[in-house]
Amino acid sequence: MKPVALVTGGSRGIGLAISKQLCENGYNVVFNGVRDEEEVEDVLNTLRSTGADVIYCQGDISSESDRESIMDEVKSHFGKLNVLVNNAGVAPKERQDPLEATEESYERVMSINLKGPYFLTQAVARWMVEQSEERSFSGTIVTIGSISATVVSPKRGEYCISKAGLAMHNKIWAVRLAEYNIPVYELRPGIIKTDMTAGVQEKYDKLIADGLTVQPRWGYPEDVGKAVLSLVQGDFPYSTGQVIMVDGGLTIERL
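Here goes a summary of the coordinates provided. Note that the coordinates shown come from a computational prediction; the quantities given were computed from them, not determined experimentally. (Residues numbered from 1 in each chain as written. Predicted model: local features only at pLDDT ≥ 70, side-chain atom pairs only at ≥ 80, totals over all residues. Heavy atoms only, no water.)

### A look at the environment of K20
Part 1: Summarising the element assignment, K20 is placed in helix 1 (residues 13-24).
Part 2: Separated by 32 residues in sequence, K20 and A52 place their C-alpha atoms 9.8 Å apart.
Part 3: Dropping the residues within four chain positions of it, K20 is found in contact with T46 and L47. (Helix = DSSP H or I, 4+ residues; strand = E, 2+ residues; numbered from the N terminus. Contact = heavy atoms within 4.5 Å.)

### What to know about the pattern of salt bridges
Part 1: Evaluation of the coordinates by the stated rule reveals 5 salt bridges.
Part 2: Across the salt bridge formed by R12 and D195, the nearest N and O atoms sit 3.8 Å from each other. Of this pair, R12 sits in the loop between strand 1 (4-7) and helix 1 while D195 sits in the loop between strand 6 (184-189) and helix 6 (201-209), placing them 183 residues apart in sequence.
Part 3: What makes R12 partly exposed here is its relative accessible area of 41%.
Part 4: R188 is the partner of E186 in a salt bridge, and the nearest nitrogen-oxygen pair spans 2.9 Å.
Part 5: Judged by relative accessible area, R188 falls into the buried class, the value being 11%. (Salt bridge = Lys/Arg side-chain N within 4 Å of Asp/Glu carboxyl O. Buried < 20%, exposed > 50% of the residue type's maximum accessible area, 1.4 Å probe, protein only.)

### Quick notes on the packing of helix 3 (residues 64-77) against helix 4 (residues 103-131)
Part 1: As a packed pair, helix 3 and helix 4 sit with axes 10 Å apart at the nearest point and diverge in direction by 35 degrees. The chirality of how helix 3 crosses helix 4 is right-handed. Residues R67, M71, V74 and K75 of helix 3 form the contact with helix 4, whose participating residues are G116, F119, L120, A123, V124 and W127. (Axes fitted to C-alpha atoms, helices over the stretch in contact; angles between N-to-C directions. Left-handed = near helix turned anticlockwise from the far one by under 90°.)

### Topic: the packing of aromatic side chains
Part 1: This model, assessed by the stated rule, comprises 4 aromatic pairs.
Part 2: On the numbers, 5.1 Å between centres and 90 degrees between planes, the contact of Y118 with F119 is edge-to-face.
Part 3: What makes Y118 partly exposed here is its relative accessible area of 30%.
Part 4: Aromatic pair Y204 and W218: ring centres 6.1 Å apart, planes at 80 degrees, arrangement edge-to-face. Residue Y204 is found in helix 6, and its partner W218 is found in the loop between helix 6 and helix 7 (221-232); the two are separated by 14 residues along the sequence. Here Y204 matches W218 in class, with each residue buried.
Part 5: An aromatic cluster of three or more residues is present, and its members are Y118, F119 and W173. (Phe/Tyr/Trp six-rings, centres within 6.5 Å; stacked < 30°, edge-to-face > 60°.)

### Section: the nonpolar core
Part 1: Membership of the largest hydrophobic core comes to 31 residues, with the highest contact counts inside it found for I18, L22, F31, L187, V224 and V228.
Part 2: The element that contributes the greatest number of residues to this core is helix 7, accounting for 6 residues.
Part 3: Beyond its immediate chain neighbours, meaning those up to four positions away, I18 contacts V7, V85, N87, I144, V224, G225 and V228. (Core = buried A, V, L, I, M, F, W, Y, C linked by side-chain atoms within 4.5 Å.)

### Digging into empty space enclosed by the protein
Over the atoms rolls a probe the size of a water molecule, and in doing so it shows where empty space is left.
Part 1: In the structure shown here, the tally under the stated rule is 1 cavity of 30 Å³ or more.
Part 2: Empty space within the largest cavity amounts to approximately 30 Å³.
Part 3: As for the largest cavity, its lining consists of N86, N87, A88, N113, P117, I144, K163 and L166. (1 Å grid on protein atoms, 1.4 Å probe; cavity = no way out; pocket = protein on both sides within 12 Å on 5 of 7 lines; lining within 4 Å. Points joined across faces, edges and corners; volume = space filled by probe spheres on them.)

### A short note on the pairing of strand 3 (residues 54-58)
Part 1: Counting buried positions along strand 3 yields 4 of 5 residues, so the element is predominantly enclosed.
Part 2: Both strand 2 (residues 28-33) and strand 3 contribute to a ladder of 5 bridges, which runs parallel. When the bridges of strand 3 are listed, V29 appears paired with V54. (Pairing = 2+ DSSP bridges.)

Limitation: the analysis is restricted to geometry and does not speak to function.
Structure follows, in structure tokens:
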């Protein structure tokens, strides 16, 4: 039977690229998002055309009841879960100087970007620990962080803080789940061409042309999807807790 993967925020951008990679390479997939199912019918059809068994679970991962509903649907439909990809996340609705930032924006970003993944991982990890009693079980958890964990964007302070928190989240779960042979990884994308960066494309076009990245191009969602596939299929079996940069060399220190 095919392994099963849950991808949060899996209906667009990076999450959709991850879902596609997994479907095309032998996984059944549960993808999550906040849109109504009617709005993601085209995504469902595309993913199912690969031959994978694919379901959509609507829900806000910052909500405890929604997280429970997602888990219930996965258990009911598949009865198992091998992979969790924590991908769902948001940017601030408005980029604000940290001297002017609001608590409302901070709480929204932190709740979705940090609290949601932490407690969804807790729920999944508990289930994976139960499943690990079966010899044939293989589990992996991957969190999609960001270069913003260490690279400051002053007008997106709450976003940077949330991604820095995910860096510790990765280490905590790697340590806790190691005894069950469940590896945990973090991917940190750089400048990726998605709807989240569409509004600043001109800015980054110029920065990339001026040498922002070692590899002189934008990153694409598929770059992240391929990295996730490599991790979950076991290509790095002795590297739990590690961070994989998918940033075209942006964070390499240079003179």
